[in-house]
Amino acid sequence: MHRGKGMKFVGDSRVPAERKPNIPKDYSEYPGKTEAFWPNFLLKEWMVGAVFLIGFLSLTIAHQPPLERIADPTDTAYIPLPDWYFLFLYQLLKYSYASGPFTVIGALVIPGLAFGALLLAPFIDLGPERRPSKRPLATGFMLLSIAAVFYLTWESVDHHDWEAAKKQGQIVDVEIDKNSDGYKIAQAQTCTSCHGGELAGGAAAPSLLDSKMSAEEIADVAKNGKGSMPAVFKGSDEELQTLAEFIDGLSE
Amino acid sequence: MLNKIYDWVDERLDITPLWRDIADHEVPEHVNPAHHFSAFVYCFGGLTFFITVIQILSGMFLTMYYVPDIKNAWESVYYLQNQVAFGQIVRGMHHWGASLVIVMMFLHTLRVFFQGAYKKPRELNWVVGVLIFFVMLALGLTGYLLPWDMKALFATKVTLQIAEAVPLIGPYIKTLLSGHSTIVGAQTLTRFFAIHVFFLPAALLGLMGAHFLMIRKQGISGPL
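Please read these numbers as outputs of a predicted model, since none were measured by experiment.

Analysis parameters
Counting restarts for each chain, with residues numbered from 1 along the sequence as it is written. To read the labels, note that chains go from A and ligands from 1, taken in the order they are written. Per-residue local features of the predicted model are confined to residues with pLDDT of at least 70, and side-chain atom pairs are confined, for both listing and counting, to 80 or more; whole-chain, interface and lining totals are unaffected and use all residues. Secondary structure is summarised from DSSP: a helix means a run of H or I of at least four residues, a strand means a run of E of at least two, and numbering begins at the N terminus for each. Taken over C-alpha atoms, the radius of gyration is set against a globule rule of 2.2 Å times the number of residues to the power 0.38. Counting other C-beta atoms within 10 Å of each residue's C-beta, where C-beta atoms are placed from the backbone, gives the exposure class: buried for 20 or more, exposed for 12 or fewer, partly exposed between. Whether two residues are in contact depends on their C-beta atoms, placed from the backbone: they are in contact if these lie within 7 Å. Where each domain begins and ends follows an automated or database-derived domain assignment. Under the scheme applied here, ten amino acids are nonpolar (Ala, Val, Leu, Ile, Met, Phe, Trp, Tyr, Cys and Pro), four are charged (Asp, Glu, Lys and Arg), and all others, including Gly, are polar. Only strands joined by at least two bridges in the DSSP assignment are considered to pair. Axes here refer to lines fitted to C-alpha atoms; in helices the fit is confined to the stretch in contact. Angles between the N-to-C directions go from 0 to 180 degrees. Oblique is the label for any angle not covered by the other classes, which are roughly parallel (under 35 degrees), roughly antiparallel (over 145) and roughly perpendicular (65 to 115). Handedness of a crossing is defined here by the sense of rotation of the near helix relative to the far one, left-handed for an anticlockwise turn of less than a right angle and right-handed for a clockwise turn. UniProt positions are given in the numbering used here, feature names are shortened, and annotations may be inferred rather than shown by experiment. What a helix is expected to span follows from its residue count: subtract one and scale by 1.5 Å.

### A word on the overall build of chain A
Step number 1: Within chain A, the regular secondary structure consists of ten helices and one strand.
Step number 2: Each helix and strand of chain A, ordered N terminal to C terminal, gives the series β-α-α-α-α-α-α-α-α-α-α.
Step number 3: Radius of gyration (C-alpha) of chain A: 33 Å, far over the 18 Å computed for a compact globule of 252 residues.
Step number 4: Evaluated residue by residue, chain A yields a buried proportion of 18% over its 252 residues.
Step number 5: Nonlocal contacts in chain A, meaning residues at least 24 apart in sequence, comprise 50% of its contacts between residues at least 6 apart.

### Brief notes about the domain arrangement of chain A
How large an interface is tends to be reported as the accessible area lost when its parts come together.
Step number 1: Segmentation of chain A into domains returns domain 1 (84–160) and domain 2 (181–250).
Step number 2: Once you take the C-alpha centre of each, domain 1 of chain A and domain 2 of chain A turn out to be 50 Å apart.

### Quick word on the interface of chain B and chain A
Step number 1: Taken together, the contacts link 62 residues of chain B with 59 residues of chain A.
Step number 2: Counting residues per element, the ones that place at least two in the side of chain B that touches chain A are α1 (2–13), α2 (16–23), β1 (26–27), α3 (43–62), α4 (73–82), α5 (87–114), α6 (123–145) and α7 (150–164) of chain B.
Step number 3: Among the elements that take part in the side of chain B that touches chain A, α5(B) stands out by supplying eleven residues, more than any other.
Step number 4: Of the residues contributing to the side of chain B that touches chain A, the split by class is 36 nonpolar, 13 polar and 13 charged.
Step number 5: Bridging between strand β1 (residues 35–36) of chain A and β1(B) involves two bridges; their strand directions are antiparallel. Paired with Ala36(A) across the two strands is Glu26(B), which belongs to β1(B).

### Considerations on the packing of α6(B) against helix α9 (residues 186–218) of chain B
Residue and element names in this part refer to chain B.
Step number 1: For the pair α6 and α9, interaxial distance at closest approach is 9 Å and the crossing angle is 160 degrees. Taken together, the axis directions place α6 and α9 in an arrangement best described as roughly antiparallel. Handedness of the crossing formed by α6 with α9: left-handed.
Step number 2: By residue class, the composition of the contact of α6 with α9 is 19 nonpolar, six polar and no charged.

### Some remarks on the UniProt feature "binding site: heme c" (unreviewed entry) in chain A
Residues and elements named next belong to chain A.
Step number 1: The residues that UniProt annotates with the feature "binding site: heme c" (unreviewed entry) are Cys 191, Cys 194 and His 195.
Step number 2: Residue Cys 191 is classed as buried on the basis of its 20 C-beta neighbours within 10 Å.
Step number 3: Considering the arrangement of structural elements, one finds His 195 in helix α8 (residues 191–195).
Step number 4: A residue is classified by how many C-beta atoms lie within 10 Å of it, and His 195, with 21 of them, is buried.

### A closer look at the UniProt feature "transmembrane region" (unreviewed entry) in chain B
All names here are of chain B.
Step number 1: The UniProt record marks residues 39–67, 96–114, 126–146 and 193–215 with the feature "transmembrane region" (unreviewed entry), using the residue numbering of this structure.
Step number 2: Helix makes up 100% of residues 96–114 and strand 0%, and the two end C-alpha atoms of the span are 27 Å apart.
Step number 3: Across residues 193–215 one finds 100% helix and 0% strand; the C-alpha atoms that close the span lie 32 Å apart.

### Topic: the UniProt feature "transmembrane region" (unreviewed entry) in chain A
Residues and elements named next belong to chain A.
Step number 1: Feature annotation in UniProt places "transmembrane region" (unreviewed entry) on residues 46–63, 102–124 and 136–154, given in this structure's numbering.
Step number 2: Helix makes up 91% of residues 102–124 and strand makes up 0%, while its end C-alpha atoms are separated by 28 Å.
Step number 3: The span residues 136–154 shows a helical share of 100% and a strand share of 0%, and its end C-alpha atoms are spaced 26 Å apart.

### Notes on α7(B)
Step number 1: For α7(B), built from 15 residues, the straight-helix expectation of 21 Å at 1.5 Å per residue is met to within 8% by its first-to-last C-alpha distance of 21 Å.
Step number 2: Buried residues belonging to α7(B) abut α3 (103–119) and α6 (162–169) of chain A together with α6 and α9 of chain B.

Encoded structure:
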């Protein structure tokens, strides 16, 4: 490389005037079947990427990304669930030795130790050996951690009530006519204080939007109660009829 | 034509050495699935990067419609998914990609771990890689809130409770993340949006740059 005196530059810049040839390196002297990344290997990677992308796009077409109903902070009965890759941490916090007064252990100490060890693995596993069988401690702890993560995730999925979860998040697109006689009666007869202003249910009462009952059955429940539902209706038979038909109409 | 443009730029900026540094390096036989099929385990890192690129691109398109505000966030996601042409595909790519990137990163981490590839002289690259892992998990966590649906809100409430359980600084962390000591609402959503779209991607790009620089400098670890 030319240095010092006699160097020529492009204009007043620091770019040398002498052009360097754009020639790939020669890998023929490298061990084994070494090949150049550009363009040989990149082409193969590109093909793997293309196949992957087709599979990935098929997935997005086949499975719509989930969206639950709009967040309602007043619905205290909702059972929360994090994304699947946090389930093992979530499950850990359910055990009695890692929750309540011991939350610090479940939320901080155990994950902190595990992820701290992962972060500092090169400084813990100091030996020169690379083969997994030659470093049993590192391999053992990793296998143990993987088993624990898989087990906790499995337990979490197993404990979760997926039927209820699906129901509690459903988008309900029933339009309620709040000026109708039926809705006004529902308000006057205190239906809305438990079943909610949108009649979508709450902590103490189910949704009225997808009831499977007929108008007659609804009228009976409103008047005489059923299970934890008290007998609340105190109006006339005509009002009862209007109310029952209104609620029955919501589930269609 | 292209050559002339290249020459024109190269004359002024001397980009050939730069280009050779980026594009020209060897691929040893033991990492090449064309020669040893079992070498497919070396693809996981590249696929993680590929999905990350998908995440960045699809995320950029999502922000064309998304509104980080408690009144409109859910509405905008609903609109994007049901009304916008290919909106479901774009959101689907971002949603499923978020899961896939975790899977690929997990596999990549296991490959490096079980091969002992993090040993001297590659300790620093391992540390940076695990930091990338943490940033990715944080991206997943903050992105989960953004659609502002039921599961988003209540999962985030749980997360903030866990953050609050940290001794001494817990309540401060919670306030920093949610914008208020008790309310999870408008402030929380804008903060998570800012963290998800600006803070964490900035950290991610910096860390990935370091990750790639180190692997290029040191070369890939040799066969076992």
